[in-house]
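# Per-entry structural report
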Amino acid sequence: MKLSLKHILFETARYLLALTLIFSGVVKAIDPVGSGIKVGEYLTAFHLTFFVPYALVIAILLSSMEFFLGACLFMGLWRKFLGWISVGFMSFMTTLTLYLALYNPVSDCGCFGDAFKLTNWQTFEKNIVLLSATIIYLIGYRYTHRAFASKKMQFFGGLLALSSILVFTMANYFHLPVLDFRPYKVGESLPSLVLIPDDAPQDEYTYEFVYEKEGVQKTFDIDHLPDSTWNYIERKEKLISKGYIPPVTDFVLFNGTEDVTHNILSIAGDMIFVVTPSWAKVSTKYGDRLNQLYALSEQKGITLFALSGSSTEEEDSWKQETLASYPTLFLDATTIKTIARGVPSILFLKDGVIIRKINAYDLPEQTESIDKYIDQTYNQGVRKEGYLLRSILLVVWFILTSVFLVIRSTSREPIGVSLVNGTQD
């Protein structure tokens, strides 16, 4: 094999591994709370329940480390050392995903968050490819380029990469994910997601009837039933055509024991949902803000409901501590975590369409400011928040690194020589 072909092979392996790790880390950082939920599933499946309370912290550390490893490979930092680290990391992940594929303790690996769902076997096959790329890179790391020549620039590049992923992750944690990969996106209609239209196709069945006479059983269809000398035994039904199934089947609202989903989602006009998995997890500092939101909503003729998966005792305790008077409904906590990651979050709806979704952290504190916020929200209609500021460091790092990589790769620098001290590393 010619040297140029070797160079292409080693660089391809490096970029495949680096960009996959970067993408995987960023996707998890988009939704750190969701990544924490997935880590909790792993810990529970492997009977490590002691660590479940730390699942969010573990998830943030893992996604940041994954991104940083990919970023360093992309920049060409510590090539030999990170080559061995990558081999160890991918060997562990490949072994883990083989176990997942064989025994299925967790149905979805979560390696790309909610952005892409892979089966455990697909994940194992992906890791086989990445492990192969890692080994190829380790063999030929000397034939790959660095983005930055000087030690100062390498330090700056590494620091910028680590800072950018941490800032990005924490911004998505304190607010809401920069991208929403779940069904309850801004712009979606809740009635369309949840309710079954009146004219929707229904399940269709055929029926067979079993009768017995003189110890002999026979099956008849509804148009050819036997005479009265036969004794009825049982009826069998067979589904021949499945009716309409809404995109979301787990959004069920209860007022006490009464299912009020259809009644609530059929309300026209403006509506606000305050949602939280549990009132016990909500800081009382939000109590006054939510009370003001409810009072202003009533003045403006906006319907407001608070939805939670809390027990009656937790709900009553919250109301006593905060003097809350807004109506509350029950919704399964798992569904609420899917709707929004904030504790609590606020959904603004217009004729059933989600026009805005925020973490209560972003709701203003002063009554006048909340009043303006509500008016602005309903005047603007569907509002997808601008999140460029969260990712600006990531964008700057990636563009800077890419430009320097292009410059270095097109230079006449001898391949296989360290750009720092002239020795192979």
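Values in this document were obtained by computation on a predicted structure and should not be read as measured data.

### So, the pairing of strand β7 (residues 303-308)
For β7, a buried count of five out of six residues is recorded, marking the element as mostly surrounded by other parts of the structure. Bridge count between strand β6 (residues 270-276) and β7: six bridges; the pairing is parallel. When the bridges of β7 are listed, I272 appears paired with L304. Each parallel crossover has a hand, and the one from β6 via helix α9 (residues 287-300) to β7 is right-handed. Sheet topology note: the β7/strand β8 (residues 328-330) ladder contains three bridges and is parallel. Counted as the bridge partner of S308 is F330 from β8.

### Digging into the packing of α9 against helix α12 (residues 367-380)
One way to put it is that α9 packs onto α12 with a least axis distance of 10 Å and a crossing angle of 55 degrees. As the angle between them shows, α9 and α12 are arranged oblique. Where α9 crosses over α12, the two elements pack in a sense that is right-handed. Residues R289, Q292, L293, L296, S297 and K300 of α9 lie in contact with α12, whose contacting residues are T367, I370, D371, I374 and D375.

### A closer look at the layout of surface pockets
Estimated volume of the second largest pocket: approximately 690 Å³. The wall of the second largest pocket is formed by 22 residues, among which V33, L56, Y173, R341 and V343 lie closest to the centre. Of all the secondary structure elements, the ones that give two or more residues to the lining of the second largest pocket are α2 (32-45), α3 (55-75) and α6 (151-174). Take the lining of the second largest pocket: its biggest share by element is five residues, from α2. Across the lining of the second largest pocket, the residue classes break down as 13 nonpolar, five polar and four charged.

### Section: the pattern of salt bridges
Evaluated as defined, the whole model comprises twelve salt bridges. For the salt bridge of R182 with D180, the shortest nitrogen-to-oxygen distance reads 3.3 Å. In this structure, R182 and D180 share a single accessibility class: buried. Because the salt bridges share partners, they merge into one network encompassing D180, R182 and K357.

### Looking at empty space enclosed by the protein
Following the criterion strictly, the structure yields two cavities of 30 Å³ or more and no others. Of the voids in this model, the second largest cavity is the one considered here, and its volume is about 40 Å³. Counted by class, the lining of the second largest cavity contains six nonpolar, one polar and no charged residues.

### Notes on α9
The end-to-end C-alpha distance of α9, which contains 14 residues, comes to 20 Å, matching closely the 20 Å that a straight helix rising 1.5 Å per residue would cover. Of all the residues in α9, the buried ones are G287, R289, L290, N291, Q292, L293, Y294, L296 and S297. Two residues or fewer after α9 comes G301, characterised by a positive phi angle close to 75 degrees.

### Structural notes on the sheet that holds strand β1 (residues 204-213)
Pairing within the open sheet is antiparallel, and its three strands lie in the order β2-β1-β3. If you trace the sheet from one side to the other, it starts and ends with β2 (216-221) and β3 (231-241), each paired once. Taking the axes of each pair of neighbouring strands and ignoring which way they run, one obtains an average angle of 25 degrees across the sheet. The pairing of β1 with β3 spans nine bridges and is antiparallel. Its bridge partner being in β3, V210 is matched across the sheet by E234.

### Some thoughts on the environment of V129
Within the element layout of this structure, V129 appears in helix α5 (residues 120-140). Relative accessible area serves as the criterion here: at 46%, V129 is assigned to the partly exposed category. Along the backbone, V129 and L48 are 81 residues apart, and their C-alpha atoms lie at a distance of 29 Å.

### Details of the nonpolar core
Formed by 32 residues in total, the largest nonpolar core has its most connected members in F67, L73, M75, F168 and W397. Mapped onto this core, the elements with two or more residues apiece are α1 (3-30), α3, α4 (79-103), α5, α6 and α13 (388-409). Those residues in contact with W397 that sit more than four places away from it in its chain are I22, F67, A71, F74, M75, G157, L160 and A161.

### Quick word on α13
With 22 residues, α13 extends 30 Å from end C-alpha to end C-alpha; this agrees with the ideal 32 Å at 1.5 Å per step. The sharpest bend along α13 measures roughly 30 degrees and falls at L394. Burial in α13 covers these residues: R390, S391, L394, W397, T401 and L405.

### Details of unusual backbone geometry
Note that the residue after V343, namely P344, is joined by a cis bond; omega there is 0 degrees. Examined against the element boundaries, P344 turns out to sit in the loop between α11 (333-339) and β9 (345-350). At H47, a residue that is not glycine, the phi angle is positive and equals roughly 60 degrees. Tracing the backbone shows H47 in the loop between α2 and α3. H47 sits in the exposed class, given a relative accessible area of 69%.

The rules behind each value
- Residues numbered from 1 in each chain as written.
- Predicted model: local features only at pLDDT ≥ 70, side-chain atom pairs only at ≥ 80, totals over all residues.
- Heavy atoms only, no water.
- Buried < 20%, exposed > 50% of the residue type's maximum accessible area, 1.4 Å probe, protein only.
- Helix = DSSP H or I, 4+ residues; strand = E, 2+ residues; numbered from the N terminus.
- Pairing = 2+ DSSP bridges.
- Right-handed = clockwise from strand over helix to strand, strands pointing away.
- Axes fitted to C-alpha atoms, helices over the stretch in contact; angles between N-to-C directions.
- Parallel < 35°, antiparallel > 145°, perpendicular 65-115°, else oblique.
- Left-handed = near helix turned anticlockwise from the far one by under 90°.
- Contact = heavy atoms within 4.5 Å.
- 1 Å grid on protein atoms, 1.4 Å probe; cavity = no way out; pocket = protein on both sides within 12 Å on 5 of 7 lines; lining within 4 Å.
- Points joined across faces, edges and corners; volume = space filled by probe spheres on them.
- Nonpolar A, V, L, I, M, F, W, Y, C, P; charged D, E, K, R; others polar.
- Salt bridge = Lys/Arg side-chain N within 4 Å of Asp/Glu carboxyl O.
- Expected span 1.5 Å × (residues − 1).
- Core = buried A, V, L, I, M, F, W, Y, C linked by side-chain atoms within 4.5 Å.
- Bend = angle between axes of the 7 residues up to and from the residue.

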